[in-house]
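# Chains, contacts and geometry: an overview
Take a look at the letters that make up each chain.
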Amino acid sequence: MFRLFCKKEDDLSKLRKAEAEMIEYAKKFGDRDSDSYEIKAEDTRIPAKVLPLRRGKKLKKDLHMHHVKVTSLKDDDCDSSKEDIPIVILHGYMNGALYFYRNVVSLSNHFHTVYSVDTLGMGLSSRKPGLLKKVGRSVQATEKFFVEALEAWRKANGIEKFILAGHSIGGYLGVPYAEQYPERVAHLLLLTPVGLTRENGDEIKEMLNSMSWTQRQTASIIRYLFDCGVTPASFLRSLPRSRSKQMVQKYVERRLPVISDPKEQQAVANYLFYLAMVPGFGENMLNRFLRSSSHGIHPTVDRIPKLKVPQVSIIYGEQDWMDIEGGIEACEQSRASNGVQVEVFQLQDAGHLMMLDNWRGFYSGIVTMCGETRVPPNYPSPTLVRTTRSTSIVLSIDVSLEERLEKAAQVTKY
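Along its length, the protein chain carries 14 helices and nine strands. Burial status across the protein chain gives 54% buried among its 414 residues. Restricting the contact set of the protein chain to residue pairs at least 6 apart, pairs at least 24 apart contribute 78%.

Put into structure tokens, the structure is as follows:
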């Protein structure tokens, strides 16, 4: 009887519990003694006045950005070679800081401090549904909103300069930040980024012509919903909870077979489920930056060569549905224009979710891009595909449209 009068736990509280469970799993990865580092979750206040809104629109209260921080606590034999500049990781769409639960501790073997940040409007950062309606509709206005939020977070945490690593949509957001604040970015790491490539009308037409009538109609509906701002998370929230929970569970089982432990699998599914169940304005950024084909509205392939940061490194998975040709084109453009130094890598046994598909290889990829040459033998190294420092083709990549479509189908299939 008492339970009938107890306040029901809300989804935000359940998300906090899911994150806490993910932190416990993070401690099991990384090949580090538990007393050699500290891992904690923190919130950082983001003053409302720094966020650019449309004229006449105001925020009454400050917001906050959430992050997970891993710090090395004691000296060891490798500490003399630890990177003093912190690494800051931005997650992908509908993900959160702890989607890197297999990586944050391992990365602290190389970096003294590792931050994994929840983008404003996502994760456990301020959600505030509908806030993007107060932001200018243009790509530039939306980019500036998220850039200024990240800059306020940097200032509040007293970080002078950092290595910025962005996965997927986080990689997209890393580019406008580096455009606006190049003096703060020691190295930009783009981890299988979206929005880099241009939409190719002929390729889209070829893809549609290869589909059955039913597939074309489905694609048309998806494009329409995308353009209308219907997000995957809002779609899940529209379903009965049991159904949406089942869909997330099936996604984890099919998309992440590398997670073989049922309890770990369930923890990841819970985390993703509650990330989707809590409404937030961050999920509404997608059609402001990307076309329904996942190509950029303002593709970063033409923007990367003009960056004023010391170096840009781009990495893709061997089974990635992101097109590595975009990274190669950015590298070639930068070489031709004497632009920023660019390197393009590929990681074996990994797809778009490389941080989970091959977490040791992901570690090797990050530290290799940052100049480390000593990687443990059981940590597979990435392959250098292109570099602006050489005019020769380091590795020839020839992925057909059919192969990329097959990879995309495998990712999106439930």
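The discussion continues.
On to the pattern of salt bridges. Evaluated as defined, the whole model comprises 20 salt bridges. Here R303 ties to E179 by a salt bridge, and the two come within 2.8 Å at their closest N and O atoms. Of the two residues, R303 sits in the loop between α10 (286–289) and β7 (311–317) while E179 sits in helix α4 (residues 169–180), which places them 124 residues apart along the sequence. Judged by relative accessible area, E179 falls into the partly exposed class, the value being 37%. Each of E143, E179 and R303 takes part in a single network of salt bridges with overlapping partners.

This paragraph deals with the sheet that holds strand β1 (residues 37–46). Taken in spatial order, the nine strands make up an open sheet running β1-β2-β4-β3-β5-β6-β7-β8-β9, and their pairing is mixed. Both outer strands of the open sheet, β1 and β9 (383–387), are each paired with one neighbouring strand and no more. Mean inter-strand twist for the sheet, computed between neighbouring axes without regard to direction, equals 20°. Examined bridge by bridge, strand β2 (residues 63–72) and strand β4 (residues 113–117) share five bridges and lie antiparallel to one another. Opposite V70, over in β4, you have V114 as the bridge partner. Sheet strands touched by helix α1 (residues 11–26): β1 and β2. Its angle to β1, the strand with the most contacts, is close to 145°. Helix α11 (residues 324–336) contacts β7, β8 (341–347) and β9 of the sheet and is inclined by roughly 160° relative to β8.

What follows covers the packing of α1 against helix α9 (residues 262–277). Any two packed helices are characterised by how steeply their axes cross, that is the angle between the axes, and by the distance between the axes. At their nearest, the axes of α1 and α9 sit 9 Å apart, and the two run at 145° to each other. Crossing of α1 over α9 shows left-handed handedness. Contacts from D11, K14, L15, A18, E19, E21, M22 and Y25 in α1 reach K263, E264, A267, V268, N270, Y271, Y274, L275 and M277 in α9. In the contact of α1 with α9, the residues fall into ten nonpolar, one polar and six charged.

This next bit is on the side chain of R127. In this fold, R127 is placed in the loop between β4 and α3 (139–156). Despite its burial, R127 pairs with no opposite charge; the closest candidate is E283, at 4.8 Å N-O.

Bringing the pairing of β7 into the picture now. In terms of burial, β7 is a largely internal element, seven of the seven residues being buried. The alternating pattern of β7 places Q311, S313, I315 and G317 and V312, I314 and Y316 on opposite faces, both of which are buried. Across four bridges, strand β6 (residues 185–191) lies against β7 in parallel orientation. Bridge pairing in β7 places L190 opposite I314. Examined bridge by bridge, β7 and β8 share seven bridges and lie parallel to one another. Residue pairing across strands places Q311 opposite Q341, the latter belonging to β8.

Attention shifts here to the confidence of the model for the protein chain. The predicted model of the protein chain has a mean per-residue pLDDT of 89, with 89% of residues at 70 or higher. Scored below 50 in pLDDT, residues 1–7 shows zero contacts in the model against residues more than four places distant or in partner chains. Note on residues 407–414: pLDDT under 50 across the span, and twelve contacts to partners over four residues away in sequence or across chains.

Take G30: it is sitting in the loop between α1 and β1. Spatially, the C-alpha atom of G30 lies 8.3 Å from that of R360, the residues being 330 residues apart in sequence. Residue contacts for G30: discarding those within four places in its chain leaves V105, S106, N109, W359 and Y379.

Here we come to a nonpolar patch on the surface. Side chains of I221, Y224, L225, V230 and F235 sit close together on the surface and give an oily, nonpolar patch of about 480 Å² of accessible area. For the nonpolar patch, the leading source of residues is helix α6 (residues 213–227), giving three residues. Of note, I221 is situated in helix α6.

What follows is about the packing of aromatic side chains. In the structure shown here, the tally under the stated rule is 14 aromatic pairs. Summarising the aromatic geometry, the rings of F29 and Y101 are spaced 5.8 Å apart at their centres and angled 80° between planes, so their arrangement reads as edge-to-face. Of this pair, F29 sits in the loop between α1 and β1 while Y101 is found in the loop between β3 (87–90) and α2 (104–107), placing the two residues 72 residues apart along the sequence. Residue Y101 is classed as buried on the basis of its relative accessible area, which comes to 1%. For the pair Y115 and W153, a centre-to-centre distance of 5.2 Å together with 90° between the ring planes defines the contact as edge-to-face. Residue Y115 is found in strand β4, and its partner W153 is found in helix α3; the two are separated by 38 residues along the sequence.

A few words on the side chain of Q249. Along the chain, Q249 falls in helix α8 (residues 241–255). Judged by relative accessible area, Q249 falls into the buried class, the value being 16%. Not counting chain neighbours up to four residues away, the residues in contact with Q249 comprise Q265, Q266 and A269.

What counts, and at which threshold
- Residues numbered from 1 in each chain as written.
- Predicted model: local features only at pLDDT ≥ 70, side-chain atom pairs only at ≥ 80, totals over all residues.
- Heavy atoms only, no water.
- Helix = DSSP H or I, 4+ residues; strand = E, 2+ residues; numbered from the N terminus.
- Buried < 20%, exposed > 50% of the residue type's maximum accessible area, 1.4 Å probe, protein only.
- Contact = heavy atoms within 4.5 Å.
- Salt bridge = Lys/Arg side-chain N within 4 Å of Asp/Glu carboxyl O.
- Pairing = 2+ DSSP bridges.
- Axes fitted to C-alpha atoms, helices over the stretch in contact; angles between N-to-C directions.
- Left-handed = near helix turned anticlockwise from the far one by under 90°.
- Nonpolar A, V, L, I, M, F, W, Y, C, P; charged D, E, K, R; others polar.
- Lys, Arg positive; Asp, Glu negative; His and termini not counted.
- pLDDT = per-residue confidence, 0-100.
- Patch = residues over 30% accessible without salt bridge, like charges linked within 9 Å, V, L, I, M, F, W, Y side chains within 5 Å.
- Areas by Shrake-Rupley, 256 points an atom, 1.4 Å probe, with all protein chains shown as cover.
- Phe/Tyr/Trp six-rings, centres within 6.5 Å; stacked < 30°, edge-to-face > 60°.

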